[in-house]
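Observations on the three-dimensional arrangement
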Amino acid sequence: MPPIKLAIVTLLLLLPSLVVTSPTEKATKKQPNILILLVDDLGFGDIGANGNTTIRTPNVDRIAKEGVRLSHHLTAAPVCTPSRSALLTGKYPIRMGMVPSIQMQVFPFTASQAGLPTNETTFAKVAQRSGYRTGLIGKWHLGAHCSNSKDFCHHPNNHGFDYFYGCLLTLLKDFSGLGESILHSRFPHYYRNISLTLLATLASLGVGYKIGILPRKLCIFLALLGVLVTGFLFCLPGYLVRTVNSQLHRQTELVEQPIRFEKLTQRLVWEGEEFLDKAVDEGKPFLLFMSFLQVHSPLYNSVPGYRGRSAHGWYGDNIEEMDWSVGQILDALDKRGLSDDTIVYFSSDNGGHIEETTHTGERAGGHNGIYRGSKCQGAVDGGIRVPGLLRWPGVIPAGSQSNALTSQMDIFPTLLEAMGQPVPSGIDGRSITKLLRQPQSTKSPHDFLFQYCGTLLHAVRWNSPEGVLKLRHYSPNWLPGTEGCRYICGCMEGLGSVRHSVPLLYDLSTDERETAIVPADSERYRRLVPQILEAERRHQASLSSVPSQFTFAKLMWRPWLQDCCNFPLCNCRDTKYDSRPA
Ligand SMILES: *[C@@H]1O[C@H](CO)[C@@H](O)[C@H](O)[C@H]1NC(C)=O
Ligand SMILES: *[C@@H]1O[C@H](CO)[C@@H](O)[C@H](O)[C@H]1NC(C)=O
């Protein structure tokens, strides 16, 4: 065959494969990388992108400039454990038993049995199955163990994350080593009340013995039992919060106890960078979940130059240091040439905790913009309206904004679509892919969104033809003149919340701060409220009963589930970055 003919034949033979792998075709077929940046307790008003002119968050703001800002973005719960479970699964926490029915709103111990049920599907599990390298760096707070200290059934590794480095629980103010205690902030007279209860019990036993209705042996037995149970179940864990919970794990190995704040922010960033390098080496798409430990209490700064830097005290310094972390990770994408193929999502797990203070009484909680209330409050918006920023070059128009109603539960189906995976039925999130492509002109995918506080439905939002309406069954029971309670408000009637026998209707399209109710005797109220109540009934009928993860038995501290390094010292230090300069 003459060379020219040979060349033509070869070209014809190669043509189909050339067409199939043409660069544009490849770009649309390729699974995008996914980077999730979730801040702990960051308020809506804590970032420049949401109108804060005095805090400096240029890196966070960059995501908005290069992508979209969702102005009406909501978490499924006003506190982290339930809210994070909803983000990961696209379902209301109540469908997974991840809702507290008592005053304890989050998991209090690493060594307990509570956790995100192992049969739930997280977006990480789906990503892993479809060929992604998946990693979670930072806070988990969705459980660890089931029946023994080695099973790690609720651990991120068992929920779809190939790699984990971080805190299985959360930062707690007790970890500062400055004598602060979360139990004390919430219940200032806790130990006094426990001691008085114990004394009263012992006194009654004594009386019972004296007047002869209780035999002596039974009295001694009951007294000992009372002392043991009180000490073991109600006092010891409170004193040991730091020892038992302040832990960093790499995969399932306990590498640091208690957590050292030295280079902590940098360590999370470095772990994230190393994860990216591994994914690039393996030639796999990645899903990296940077779940920052900041800006939750206790406040700390580990990056040189950040303490005392902001115009908003120590809390502001924490925000600016968190923004530094965001910048490092975005730079890491740029340096590896990954930015154009990566979806970036930035948000917070709940609103700012306005009642939080440091050990010296300095403010240590976020700013929720114009929205009222705080973390752990169900009915109002401060605890659930969070920053929502997304960047996806070539898909999301840069510098755009959407005021449509969106939920963090929407991230699950949206990411699945981006991965090219089918979206399961029975979830509560709705895909916002279309909205991301055309933020200005696309309507919200939701008709109704339900606002829970624990197991109680505190409010319902209706994306009605007349704008976004909100019906409130409860209100937080604020201390007079404030929008907070003593440390946190509870969800239950009489315990932090008040119930309205005639629900309150607000029109959020004209009254975002929820200051003026639509009168209950108005034509509008009578016309609209029955439709909202009907939607509530339909929603409640769709719930089936599942085992609760918030029973006392599941939440309580179990010594046999306790991880401890260098037993019995329970003290070790992650030395991996010792020689790396801060
Ligand atoms: C900006 O954020 C800081 C830190 O939370 C807060 O103190 C301040 O009030 C906010 N300012 C505005 C204008 O939102
Ligand atoms: C997980 O298991 C629990 C308890 O067996 C069950 O009630 C629940 O419906 C299951 N959830 C899923 C998503 O299969």
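Residues numbered from 1 in each chain as written. Chains lettered and ligands numbered in written order. Predicted model: local features only at pLDDT ≥ 70, side-chain atom pairs only at ≥ 80, totals over all residues. Heavy atoms only, no water.

1. Details of the pattern of salt bridges
Applicable threshold: Salt bridges are defined by distance alone: a side-chain nitrogen of Lys or Arg within 4 Å of a carboxyl oxygen of Asp or Glu. Here a helix means four or more residues in a row that DSSP labels H or I, a strand means two or more in a row labelled E, and each is numbered from the N terminus. Whether a residue is buried, partly exposed or exposed follows from its accessible area with a 1.4 Å probe, protein chains only, as a fraction of its type maximum: under 20%, in between, or over 50%, in that order.
Using the criterion set out here, one finds 39 salt bridges in the structure. We note a salt bridge from E273 to R580, for which the minimum N-O separation is 3.9 Å. With a gap of 307 residues between them, E273 in helix 10 (residues 264-282) and R580 in the segment after helix 15 (552-555) connect regions that are remote in the sequence. For E273, a relative accessible area of 15% translates into the label buried. We classify R580 as partly exposed; its relative accessible area is 35%. E483 is the salt-bridge partner of R372, the closest N and O atoms lying 3.1 Å from each other. Pair noted here: R372 is in the loop between strand 8 (342-348) and strand 9 (388-391) and E483 is in the loop between strand 13 (467-476) and strand 14 (497-507), with a separation of 111 residues, a long-range link. Taking relative accessible area as the criterion, R372 reaches 21% and is therefore assigned partly exposed. Overlapping salt bridges, with partners in common, bring together D381, R385, R461, K470, R472, E512 and E514 in one network.

2. A look at the packing of aromatic side chains
Formally: Aromatic pairs are defined between Phe, Tyr and Trp rings, using the six-membered ring for Trp, whenever the two ring centres lie within 6.5 Å; interplanar angles under 30 degrees are classed as stacked, those over 60 as edge-to-face, and all others as tilted.
This structure, assessed with the given rule, holds 13 aromatic pairs. Ring geometry for F107 against F550: centres 5.0 Å apart, planes inclined by 35 degrees, an arrangement best described as tilted. Of the two residues, F107 is situated in the loop between helix 4 (80-89) and helix 5 (123-129) and F550 in the loop between helix 14 (523-541) and helix 15; the sequence distance between them amounts to 443 residues. Of the two residues, F107 and F550, both sit in the buried class. An aromatic cluster is present here, built from F123, W140, F161 and F289 joined pairwise through their rings.

3. Some words on the environment of P117
Rule in force here: Residues are treated as being in contact if the distance between any of their heavy atoms lies within 4.5 Å.
Its place among the elements puts P117 in the loop between helix 4 and helix 5. Taking C-alpha positions, P117 is 7.0 Å from H154, a pair spaced 37 residues apart along the chain. Beyond its immediate chain neighbours, meaning those up to four positions away, P117 contacts M96, M98, H159 and Q549.

4. Some details on the UniProt feature "transmembrane region" (unreviewed entry) in the chain
Which entries qualify depends on this criterion: UniProt positions are given in the numbering used here, feature names are shortened, and annotations may be inferred rather than shown by experiment.
Here the UniProt-annotated "transmembrane region" (unreviewed entry) positions come out as residues 190-211 and 218-240. Helix makes up 95% of residues 190-211 and strand 0%, and the two end C-alpha atoms of the span are 32 Å apart.

5. Points about the sheet that holds strand 2 (residues 68-74)
Basically, it comes down to this: Whether two strands pair depends on DSSP finding at least two bridges between them. Here an angle of 0 to 180 degrees is reported between the N-to-C directions of two axes, which are lines fitted to C-alpha atoms, with helices fitted over the stretch in contact.
The strand order 6-5-4-3-7-1-8-9-2-10 describes an open sheet built from ten strands, whose pairing is mixed. Each edge of the open sheet carries a strand with a single partner, namely strand 6 (253-256) and strand 10 (400-407). Ignoring strand direction, the axes of neighbouring strands in this sheet form an average angle of 15 degrees. Relative to strand 10, strand 2 is paired through six bridges, and the arrangement is parallel. By the bridge assignment, H72 is partnered in strand 10 with L405. Docked against the sheet, helix 11 (residues 313-335) engages strand 1 (33-39), strand 7 (286-291), strand 8 and strand 9, running at close to 175 degrees with respect to strand 1.

6. Comments concerning unusual backbone geometry
With omega at 0 degrees, the peptide bond leading from S297 into P298 counts as cis. Assignment of secondary structure puts P298 in the loop between strand 7 and helix 11. Cis rather than trans, the peptide bond between F567 and P568 has omega equal to 0 degrees. As for its placement among the helices and strands, P568 is situated in the segment after helix 15. The phi dihedral of Y487 is positive, around 70 degrees, even though this residue is not glycine. In the Ramachandran plot, C570 falls in the positive-phi region, its phi being about 50 degrees despite a non-glycine side chain. Secondary-structure assignment places C570 in the segment after helix 15.

7. Some words on the environment of S302
Which entries qualify depends on this criterion: Definition of a polar contact: a pair of N or O atoms within 3.5 Å, with one able to donate and the other able to accept a hydrogen when the atoms are protein atoms, and with sequence-neighbouring residues admitted only if both atoms are side-chain atoms.
Within the element layout of this structure, S302 appears in the loop between strand 7 and helix 11. Along the sequence, S302 and N318 sit 16 residues apart, while their C-alpha atoms lie 9.5 Å from each other. Discounting chain neighbours no more than four positions away, the residues touching S302 are F261, E262, K263, L264, T265, Q266 and E321. Polar contacts involving the side chain of S302 include one to the main-chain amide nitrogen of L264, which spans 3.4 Å. Within polar-contact distance, the side chain of S302 engages the backbone nitrogen of T265 at 3.1 Å.

8. Description of the side chain of D174
Inspection of the secondary structure assignment puts D174 in the loop between strand 4 (163-167) and helix 6 (182-186). A polar atom in the side chain of D174 sits 3.1 Å from the backbone nitrogen of I182. If we skip the residues at most four places from it in the chain, D174 touches E180, S181, I182, V241 and R242.

9. So, the site of ligand 1
Going by this rule: If a single non-hydrogen atom of a residue is within 4 Å of a molecule or strand, that residue counts as near it. The Shrake-Rupley method, run with a 1.4 Å probe, gives the accessible areas here. Residue values count only the displayed protein chains as cover. Under the grouping applied here, Gly and all other residues not named as nonpolar or charged are polar, the nonpolar ones being Ala, Val, Leu, Ile, Met, Phe, Trp, Tyr, Cys and Pro and the charged ones Asp, Glu, Lys and Arg.
The environment of ligand 1 is formed by G45, D46, N52, T54, H312, Y315, R363 and H367. H312 is positioned such that a nitrogen or oxygen atom in its side chain is 3.2 Å from an oxygen atom of ligand 1. Within the contact set of ligand 1, an oxygen atom lies 2.7 Å away from a side-chain nitrogen or oxygen of R363. Compared with its free state, where it exposes 360 Å², ligand 1 has 76% of that area covered by protein. Partitioned by chemical class, the residues of the shell around ligand 1 number one nonpolar, five polar and two charged.

10. Let's talk about the pairing of strand 4
For strand 4, the tally of buried residues reaches five of five residues, placing the bulk of the element in the interior. Bridging between strand 3 (residues 133-139) and strand 4 involves five bridges; their strand directions are parallel. Looking across to strand 4, one finds that L136 is bridged to F164. Note that strand 4 and strand 5 (residues 248-250) share two bridges and pair antiparallel. When the sheet's bridge partners are listed, Y165 is paired in strand 5 with R250.

11. Observations concerning the packing of helix 3 (residues 58-65) against helix 11
We apply this condition: Each angle gets one of four labels, with under 35 degrees taken as roughly parallel, over 145 as roughly antiparallel, 65 to 115 as roughly perpendicular, and the rest as oblique.
Two numbers describe how helix 3 lies on helix 11: the axes approach to 7 Å, and their chain directions differ by 55 degrees. Looking at the two axes, helix 3 sits oblique to helix 11. Residues P58, N59, V60, R62 and I63 of helix 3 touch helix 11, and the partners they reach there are M322, D323, W324, V326, G327, L330, D331 and D334. Its residues placed into classes, the contact of helix 3 with helix 11 shows seven nonpolar, two polar and four charged.

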